Structure formats: C-alpha cells, structure tokens
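# Reading the structure
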Amino acid sequence: MKAKTLLWIIIIIFVVIQFIPSGRPEVVKDNPQDLLANNAVPEDVAGMLKTSCYDCHSNEPVYPWYAYVAPVSWLVSRDVREGKKELNFSEWEGLKKIKKAEYLDSMSEEIDDEDMPMPIYFLMHRDAKLTPEQRGRLIGWTEDFADSLFE
Amino acid sequence: MKKYLIIPLALFAAILFLNFNTTGKVQTYTSVTSPGLTIPDDVQKIIDNHCYDCHNANSESEKGKKKLDFDKLLKLKKSKQAGKLSKIADVVKEDEMPPAKIIEKYPEMALSAEQKTTITKWAEDAANSLFN
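Numbering of residues starts from 1 in each chain and follows the order in which that chain's sequence is written. Key to labels: chains lettered from A, ligands numbered from 1, both in the order written. Given that this is a predicted model, residues contribute local features only at a pLDDT of at least 70 and side-chain atom pairs are listed and counted only at 80 or more, while totals for whole chains, interfaces and linings are drawn from all residues.

Next up on the list: the overall build of chain B. A tally of regular secondary structure across chain B gives 7 helices and 2 strands. A run of H or I in DSSP becomes a helix once it reaches four residues, and a run of E becomes a strand once it reaches two; helices and strands are each numbered from the N terminus. Walking chain B from its N terminus toward its C terminus, one meets helices and strands in the order α-β-β-α-α-α-α-α-α. A pair of residues counts as a contact when their C-beta atoms, built from backbone coordinates, are separated by no more than 7 Å. Intrachain contacts of chain B at a sequence separation of at least 6 include 48% that bridge at least 24 residues.

Next comes the structure, spelled out in structure tokens:
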C-alpha cells in the first residue's frame with residue numbers, strides 16, 4: 001500500500017470518528033448546591049480544588065480544545081463521567097453528612113497516596129500537580145472541614 | 001454521725017453513674033473527640049471473621065491497613081469514624097468487600113445477605129448517630 005493511500009485512510013477514519021458522540025458531560029454553570037458556593041473554603045484551598053479537581057469532579061469542567069477531537073475526546077469524556085459519578089462537588093450540599101465525611105476522608109487518602117489528581121491529567125495540566133506542601137494543606141483542610149460538620 | 005455517712009454515700013452514688021464494661025465483648029471508646037462508638041457482638045463477629053485479617057494494625061495488606069484499621073477505629077476522631085463507617089456500608093453494599101479475589105480463594109470469607117444487612121445497618125446507624 002502506498003504511503004499516500006495509507007494517509008488518506010487515516011484521514012478518512014479520523015474524520016469519520018469525529019461523528020461518533022463522545023458522551024461529553026455538558027457544562028452547567030448554575031450550581032446552587034456547589035461546595036465552594038455554599039461554604040467558607042479558604043481561598044488557597046478553593047483555588048487548588050478548582051485547578052486540580054473541578055475539571056472531573058464538578059458540573060463545570062473547563063474543556064480544552066482536544067476534548068472536542070476524537071479519539072482523545074472519548075478519553076476525556078470518560079474520565080469526566082467517571083469522576084462526576086464518584087464525587088461531584090457541584091452537588092455537595094445535597095449529600096448527607098455521613099457521605100460528606102466519607103468523601104472528605106477518601107479525599108485525604110487519595111491526595112496523600114497521590115492517586116488523585118490522576119497523573120495522566122498532568123500531561124496537559126501541569127499546574128494541577130500538587131506540591132507536598134499543597135497536599136498537606138489540602139489534607140489538613142479536609143480534616144478541618146469534616147470536623148466542622150459536627151458543629 | 002449522719003454527716004460522716006454523706007461522703008461515702010455520695011461516692012457510692014457517683015460510682016453508679018460510671019459506665020463499666022463488664023461483658024468484655026462489647027467494645028466502646030469514649031473520649032472528648034469520640035463520644036462513643038459501639039460494636040455489638042453480632043457485628044464484631046462478622047468483622048473478626050470477614051474483615052479483620054486485612055484491616056488490623058499488623059496486617060500484611062498495607063492498603064487494607066491504611067484504608068481501615070479496626071484496631072484504631074474506636075480511637076479515631078468523630079469525623080474520621082463517620083467517614084470510615086459510611087465507607088464500610090458502601091463497600092459491603094456494593095460487594096466491593098471482601099474483595100472478589102479473596103472470596104475466590106477463600107469462599108468462606110463471603111458475606112451472606114443477612115450479614116451484609118447487619119454490617120451496613122450498623123455502620124450507617126453508627127455513623128449517623130455520631131452527628132446527633
């Protein structure tokens with residue numbers, strides 16, 4: 001097969017797959033149950049949550065251009081869908097207190113183990129990577145915030 | 001003479017208000033940060049036979065120990081206890097625990113429907129009661 005033919009096949013496949021829906025969750029800006037909108041979260045912590053977590057764990061992901069181009073869009077869409085299913089900060093206020101405590105405990109564990117944010121996310125979001133100090137600050141906040149549920 | 005009786009009587013009355021654990025089976029932990037989480041016998045038995053092997057302070061499973069250590073559960077602060085209890089209810093309800101791999105190797109580790117209900121109900125009630 002000539003290189004030119006192969007190139008055409010790749011181009012055609014690339015164009016065709018653009019028509020396959022990625023199932024990308026839509027962006028919803030009005031979130032009355034949102035964590036940050038309803039709680040006095042310190043500014044630095046809010047910034048970290050927005051930068052490192054909210055793209056997959058809220059109704060307000062900031063989609064980069066490649067989130068609209070298959071096949072990468074499929075991966076981005078899947079991560080956002082799964083992330084929101086696990087934990088959606090936009091629906092925080094609707095959670096029972098025990099679920100809030102559970103999520104905050106899980107957050108502290110996953111941040112401490114560096115399981116979250118997922119390393120693949122850093123490929124295009126270098127600022128989302130948390131320094132050890134930031135991890136400590138965020139974990140400390142999850143504990144303070146969990147304690148405040150009992151006040 | 002009556003005056004001298006008042007002090008011992010008052011002490012005796014005070015002792016009656018102290019909560020002694022006489023059974024040795026029901027574990028309770030009481031402190032300023034943890035006003036009391038109780039593990040009833042039926043729950044304790046399930047934990048001992050189905051969870052404790054991986055979720056104890058000397059567990060070989062680092063992950064299991066880190067996520068939940070039953071030796072420490074009663075000593076955690078309320079917010080952590082509530083989080084762990086809610087998670088216990090979740091993972092048992094969703095059949096995530098005991099892990100499928102373990103059940104495959106040791107079928108007796110599987111929880112019956114009744115045991116699942118016992119654990120999840122206890123964990124959810126206990127977590128909720130921490131907020132009351």
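Moving on from the coordinates now.
Another point: the packing of helix H5 (residues 97–112) of chain A against helix H5 (residues 78–93) of chain B. Angles here are taken between N-to-C directions and fall from 0 to 180 degrees, while the axes themselves are lines fitted to C-alpha atoms, restricted in helices to the stretch in contact. Contact geometry for H5 of chain A and H5 of chain B: axes closest at 7 Å, N-to-C directions at 95°. In terms of orientation, H5 of chain A lies roughly perpendicular with respect to H5 of chain B. On the side of H5 of chain A, the interface is formed by Ile98, Lys99, Ala101, Glu102, Leu104, Asp105 and Ser106 of chain A, while H5 of chain B contributes Ser79, Lys80, Ala82, Gly83, Lys84, Ser86 and Lys87 of chain B. Gly is put with the polar residues, along with every residue not named as nonpolar or charged; the nonpolar set is Ala, Val, Leu, Ile, Met, Phe, Trp, Tyr, Cys and Pro, and the charged set is Asp, Glu, Lys and Arg. Taken together, the residues of the contact of H5 of chain A with H5 of chain B sort by class into 4 nonpolar, 4 polar and 6 charged. For this classification, under 35 degrees means roughly parallel, over 145 means roughly antiparallel, 65 to 115 means roughly perpendicular, and everything else is oblique.

A residue-level look at chain B finds 73% of positions with pLDDT of 70 or above and a mean pLDDT of 80. Confidence scores labelled pLDDT are given residue by residue by the predictor and lie between 0 and 100. In the model, residues 19–34 of chain B has pLDDT below 50 throughout and makes 25 contacts with residues more than four positions away in sequence or in other chains.

We now examine the interface of chain A and chain B. Contacts between the two partners involve 14 residues from chain A, matched on the other side by 12 residues from chain B. Per element, the largest residue contribution to the side of chain A that touches chain B is 9 residues, and it comes from H5 of chain A. Among the residues making up the side of chain A that touches chain B, the classes are represented as 6 nonpolar, 1 polar and 7 charged.

As a further point, take helix H6 (residues 132–148) of chain A. Multiplying one less than the number of residues by 1.5 Å gives the expected span of a helix. Taking 1.5 Å of rise per residue, the 17 residues of H6 of chain A would be expected to cover 24 Å, and the 24 Å separating its terminal C-alpha atoms lies within 8% of that figure. Within H6 of chain A, the full set of buried residues consists of Leu138, Trp141, Thr142, Phe145 and Ala146 of chain A. In a view along the axis of H6 of chain A, the buried residues occupy a sector of 130°, so they form one face of it. In H6 of chain A, those exposed residues whose orientation departs by more than 90 degrees from the buried face are Pro132, Glu133 and Gly140 of chain A. Each element contacted by the buried residues of H6 of chain A is listed here: helix H3 (43–52) and H5 of chain A together with H5 of chain B. Any residue surrounded by 20 or more other C-beta atoms within 10 Å of its C-beta is treated as buried, while 12 or fewer makes it exposed and the intermediate range makes it partly exposed; C-beta atoms here are placed from the backbone. Arc, as used here, means the arc of the directions from the helix axis to the C-beta atoms.

Helix length check: H5 of chain A, at 16 residues, gives a terminal C-alpha distance of 23 Å against a target of 22 Å (1.5 Å per residue), a fit within 8%. What H5 of chain A keeps buried is the set Ile98, Lys100, Ala101, Glu102, Tyr103, Leu104, Asp105, Ser106, Met107, Ser108 and Ile111 of chain A. Buried positions along H5 of chain A lie against H6 of chain A together with H5 and helix H7 (113–130) of chain B. Phi turns positive one or two residues past the end of H5 of chain A, at glutamate 114 of chain A, with a value near 60°.

Linking buried Ala, Val, Leu, Ile, Met, Phe, Trp, Tyr and Cys residues through C-beta atoms within 7 Å yields a set, and such a set is a nonpolar core. In terms of nonpolar packing, the biggest core is built from 34 residues, with Leu85, Ala123, Ala126 and Ala127 of chain B touching the most fellow members. For this core, the secondary-structure elements that each account for two or more residues are H5 and H6 of chain A together with H5 and H7 of chain B. Residues within four places of alanine 123 of chain B in sequence aside, it is in contact with Leu85, Ile88 and Ala89 of chain B. Leu68, Phe70, Leu73 and Leu76 of chain B belong to the second-largest nonpolar core, a separate cluster that totals 5 residues.

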